[in-house]
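Here are the chains, one letter per residue:
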Amino acid sequence: MLLTVPLKKQLFRCSGFPEIIQYLATHGKATPSSAAKATGVSVKTAWSTLKLLKKTGHLDDGEAKWINKDFIIVNLRDVAVDGLFRFSGTRHFLLLKVKSDISLSEAASYLSINYSTIKKLAATLKSAGILTEENKVRNELIMQPENPLSLIPRREHRQAIKFFLDDLRPETPLCMYGDASWGVESLEIDLLALQKAKVNLTLLSEQLINSASATTLRYGFTFNIAVASIAAWFENLRAKSNQTLMDAADGIFIYGSAPKDEDYFACVEGNVDENRINELVTKGYAKRTENGVAYTEKALSSIKEKPITIKETPLKIKDKKVKFISIALAKA
C-alpha cells in the first residue's frame, strides 16, 4: 500500500527532512554537500538522510522518485520506511488503519504500544492532515500502483520476481508473502499459488519449481513454494488456523488477485448448471452479482457449521518440497 505523506516537520525523525525532499524534487538528485549547503543541515545529516532515501527506494541510481515539493509517497510494506518517521510504530499504525477501521485501543493492543502513545501519534497524524477527525486515513492519500510489483520494497526482490513471472507465464493467482514482501533483506522468497479447479496439482507444482530454479540460478534467491486450494483460503479467513495462509493474506498478489466470493461459489459448486443456480437463488442460498454468483450469508452460515479442518501436506516434487494446503472434513 502506498501512502502520500505531507512534508510536515513533526512527522519525520531527521531534522531538515522536508527541505531535503524539496531540494530533491527540484533538482532530481543531490550529494550530501549540495543538500547540506542548500538546506542548512549538516553534511552528516544530509548524508544519513540520502542514504536512508536510497534504502527506501526514493533515490534509485541517484535519481529521485515518489517525491514532490509538498509530499513524499511511502510504501507502507517497507520496513525501511520506519527510519523516516519520528515516532516508533508510525508505519505499522498507518498500515493497520488503511486496512481496517481499527480503534486506537485495538491498535495499541495489536502493536503492544501504550494507549497514551497511540493517542499522541494519532493527534500528530491528524494535525499533519493524514487522519480525519474520526481517526481514519484520508482516502485521497491512499494509492494503489498499477503494477503490483511496485509494492515489493527491495529492488533485487522485484527483479527476481519479474524474471520468475516472465519464465512461468502464470495462469493461477500468485501471492508473495513473508520477510521479502515486507522489505527485509532476505535471501528467501515465499510464494503461494492458488489452485483453480481443473488445474493439475503436480503439473502446477512442477512449473513453479522450474521457474523458481531458473530464478535462483540467475539471482541467487531460494524459493519456498506453497499451493493452496481456494476452499482452504476461504476457510482460513474464518478459522485462522493455518499460518501460511494467514501470512499470505497479508502478502502481495504479484499475479491475479485474492479470491472473491464468486470464486468460492465456483469452487464449492463446480460446474453447476443454470437450473441449480436458480434453485439456490430461490431458496436464498445464492445471489447474482456483477461478477457472477456468490453465496448468501444464509448459505455461508450453513457451510460454517460443518466440521472442517485445514491440512498442510509437504509434497516432494522434483526433489523439492512443496506445501499443499487443502481442507478436509474433521473427524468426529
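Up top is the structure.
Residues numbered from 1 in each chain as written. Predicted model: local features only at pLDDT ≥ 70, side-chain atom pairs only at ≥ 80, totals over all residues. Heavy atoms only, no water.

## Looking at unusual backbone geometry
Glycine aside, residues mostly have negative phi angles, and peptide bonds mostly take the trans form. The criterion, for reference: Secondary structure follows DSSP: runs of H or I at least 4 residues long count as helices, runs of E at least 2 residues long count as strands, and numbering of each begins at the N terminus. Relative accessibility decides the category of a residue: with a 1.4 Å probe and only protein chains considered, values under 20% of the type maximum give buried, values over 50% give exposed, and everything between is partly exposed.
Here Trp66, not a glycine, exhibits a phi torsion of approximately 60°, which is positive. Its location among the elements puts Trp66 in the loop between strand E3 (63-64) and strand E4 (71-75). Trp66 gets classed as partly exposed once you look at its relative accessible area, which sits at 24%. In the Ramachandran plot, Asn135 falls in the positive-phi region, its phi being about 65° despite a non-glycine side chain. For Asn135, a relative accessible area of 15% puts it in the buried group.

## Overview of the pattern of salt bridges
For clarity, the cut-off: Within this document, salt bridges are pairs made up of a side-chain nitrogen of Lys or Arg and a carboxyl oxygen of Asp or Glu, the two lying within 4 Å of each other.
In the structure shown here, the tally under the stated rule is 13 salt bridges. Between Lys99 and Asp250 there is a salt bridge, with its nearest N and O atoms 2.4 Å apart. With Lys99 in helix H4 (residues 90-99) and Asp250 in the loop between helix H10 (243-248) and strand E9 (252-255), this pair connects stretches of sequence that are 151 residues apart. Residue class for Lys99 comes out partly exposed when judged on its relative accessible area of 47%. Close ionic contact of Arg276 with Glu279 constitutes a salt bridge, the shortest N to O distance being 3.8 Å. One end of the pair is Arg276 and the other is Glu279, both in helix H12 (residues 274-282) and three residues apart, which spans about a single turn. Relative accessible area serves as the criterion here: at 33%, Arg276 is assigned to the partly exposed category. One salt-bridge network, in which partners are shared between bridges, spans Asp60, Asp61 and Arg155.

## Some words on the packing of aromatic side chains
This is how the line gets drawn: To pair, rings of Phe, Tyr and Trp, with the six-membered ring standing in for Trp, must have centres within 6.5 Å; the planes then decide the type, stacked if under 30 degrees apart, edge-to-face if over 60, and tilted in the middle. Only when the NZ atom of a Lys or the CZ atom of an Arg is both within 6 Å of the ring centre and within 35 degrees of the ring normal do we say a charge sits over the ring.
Overall, the coordinates contain six aromatic pairs when judged by the stated rule. For the pair Phe12 and Phe85, a centre-to-centre distance of 6.2 Å together with 10° between the ring planes defines the contact as stacked. Here Phe12 is found in the loop between strand E1 (2-6) and helix H1 (17-27), whereas its partner Phe85 is found in the loop between E4 and H4, with 73 residues between them in sequence. We classify Phe85 as buried; its relative accessible area is 1%. Ring geometry for Trp233 against Phe253: centres 5.7 Å apart, planes inclined by 75°, an arrangement best described as edge-to-face. A residue pair is termed long-range when its members are at least 10 positions apart, and Trp233 in helix H9 (residues 230-239) and Phe253 in strand E9 qualify at 20 residues. Phe253 shares its class with Trp233; the two are buried. By the ring-pair criterion, three or more aromatic residues cluster together here, those being Phe12, Phe17 and Phe85. A cation sits over an aromatic face here: Lys65 above Trp66, 5.1 Å from the ring centre.

## Concerning the sheet that holds strand E5 (residues 142-143)
To keep things clear, this is the line we draw: Two strands pair if DSSP finds at least two bridges between them.
Ordered by their spatial adjacency, three strands build an open sheet running E4-E1-E5, and the pairing between neighbours is antiparallel. The open sheet terminates on both sides in strands that have one partner only, identified here as E4 and E5. Bridge count for E1 against E5 is two bridges, and the pairing is antiparallel. Bridge pairing in E5 links Leu3 to Ile142.

## Focus: the packing of H1 against helix H3 (residues 43-55)
The following threshold applies: Every axis corresponds to a line fitted to the C-alpha atoms, with the helix fit spanning only the stretch in contact, and the corresponding angles, defined between N-to-C directions, vary from 0 to 180 degrees. Handedness of a crossing is defined here by the sense of rotation of the near helix relative to the far one, left-handed for an anticlockwise turn of less than a right angle and right-handed for a clockwise turn. For this analysis, residues touch if any pair of their heavy atoms sits within 4.5 Å. In this classification, the charged set is Asp, Glu, Lys and Arg, the nonpolar set is Ala, Val, Leu, Ile, Met, Phe, Trp, Tyr, Cys and Pro, and all remaining amino acids, among them Gly, are polar.
In the contact formed by H1 and H3, the axes pass within 11 Å of each other and the chain directions differ by 65°. Here H1 runs over H3; the crossing is right-handed. On H3, the residues touching Phe17, Ile20, Ile21 and Leu24 of H1 are Ala46, Thr49, Leu50 and Leu53. Here the residues of the contact of H1 with H3 sort into seven nonpolar, one polar and no charged.

## Observations regarding the packing of helix H5 (residues 104-111) against helix H6 (residues 115-127)
As a reminder, the rule being used: Here the word oblique covers every angle except those under 35 degrees (roughly parallel), over 145 (roughly antiparallel) and from 65 to 115 (roughly perpendicular).
Packing of H5 against H6 leaves a shortest axis separation of 9 Å and a crossing angle of 120°. Between H5 and H6, the interaxial angle falls into the category oblique. Crossing hand, H5 versus H6: right-handed. Residues Leu104, Ser105, Ala108 and Leu111 of H5 lie in contact with H6, whose contacting residues are Tyr115, Ile118, Lys119 and Ala122. Residues belonging to the contact of H5 with H6 are distributed by class as follows: six nonpolar, one polar and one charged.

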